[in-house]
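Notes for the structure review
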Amino acid sequence: WEDNGMVHSCTTEGFPYLSFHYKQDRTLTCRCSQYSHYNSVHISHDLCPGHDCDNPEFPILDFDAVSDTCICRAHPCWDIDGVKHSCSEDKVLIYREDEPETPQGKAKGICECIPKMDAPSLRSEL
């Protein structure tokens, strides 16, 4: 939410989620979105600057190492072993992988709900 001294927040009904991407020159662009998801800073900044995924069916920016290209994909949590995960409106669905139990094993996909990105309160709490 803090970007070179500018604090971003999303309070407009219908667009409550802070979203970001990096332009081709790697400058940060923030906006409010109706969709709750966070992209990887590494993928957005280092591997795919200038790319943005605004299709609600394929909102996740990813890098395909096989084809060496940036792609937009569906949220991986929308189909984990046939289960579509979701969160309440005050949370954001994120995906991560646990290390495989054996060297030849498959990583386990984990979906979690985390608080949406809101700027910290300027008011101190005692």
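Residues numbered from 1 in each chain as written. Predicted model: local features only at pLDDT ≥ 70, side-chain atom pairs only at ≥ 80, totals over all residues. Heavy atoms only, no water.

Next up on the list: the overall build of the chain. Along the chain, the regular secondary structure elements total 1 helix and 8 strands. Walking the chain from its N terminus toward its C terminus, one meets helices and strands in the order β-β-β-β-α-β-β-β-β. Principal-axis analysis of the C-alpha atoms places the extent of the chain at approximately 50 × 35 × 30 Å. A total of 126 residues make up the chain; the buried ones form 21% of that total. Long-range contacts, defined as pairs at least 24 residues apart, comprise 24% of the intrachain contacts of the chain with a sequence gap of at least 6. When the 11 positive and 22 negative side-chain charges of the chain are each reduced to one mean point, those points stand 2 Å apart. (Helix = DSSP H or I, 4+ residues; strand = E, 2+ residues; numbered from the N terminus. Buried < 20%, exposed > 50% of the residue type's maximum accessible area, 1.4 Å probe, protein only. Contact = heavy atoms within 4.5 Å. Lys, Arg positive; Asp, Glu negative; His and termini not counted. Charge placed at Lys NZ, Arg CZ, Asp CG, Glu CD.)

This part is about the packing of aromatic side chains. For any two aromatic rings, the description comes down to two numbers: the centre-to-centre distance and the angle of the planes. Counted under the stated rule, the structure contains 1 aromatic pair. Their ring planes at 80° and their centres at 6.1 Å tell us that Phe20 and Tyr22 sit as a pair that is edge-to-face. Exposure class is identical for Phe20 and Tyr22. Each is buried. The ring of Trp78 has Lys84 sitting right over it, with the charged end atom 5.4 Å from the ring centre. (Phe/Tyr/Trp six-rings, centres within 6.5 Å; stacked < 30°, edge-to-face > 60°. Lys NZ or Arg CZ within 6 Å of the ring centre and 35° of its normal.)

Tracing the backbone through its elements, the reader meets Gly82 in the loop between β6 (69-73) and β7 (91-98). Using a relative accessible area of 67% as the deciding quantity, one classes Gly82 as exposed.

Right, let's get into the state of the cysteines. All chains considered together, the criterion is met by 5 disulfides. A sulfur-sulfur separation of 2.1 Å characterises the disulfide bridge that pairs Cys48 with Cys70. Taking the sign of the S-S torsion, -100° for the link of Cys48 and Cys70, the bridge is left-handed. Taken together, the residues span a long stretch of sequence, with Cys48 in the loop between α1 (41-47) and β5 (60-64) and Cys70 in strand β6 at a distance of 22 residues. With its sulfur 2.2 Å from that of its partner, Cys77 forms a disulfide with Cys111. The disulfide joining Cys77 to Cys111 has a torsion of about -110° about its S-S bond and is therefore left-handed. Of this pair, Cys77 sits in the loop between β6 and β7 while Cys111 is found in strand β8 (residues 108-115), placing the two residues 34 residues apart along the sequence. On the accessibility criterion, Cys77 (0% relative accessible area) is buried. (Disulfide = S-S within 2.5 Å.)

This part covers unusual backbone geometry. In this structure, Arg26 takes a positive phi of about 70° despite not being glycine. Position of Arg26 among the secondary structure elements: in the loop between β3 (17-22) and β4 (28-33). Positioned with a positive phi, Asp81 is a non-glycine residue whose angle comes to about 55°. Along the polypeptide, Asp81 turns up in the loop between β6 and β7. Looking at Asp81, the relative accessible area reads 77%, which means it is exposed.

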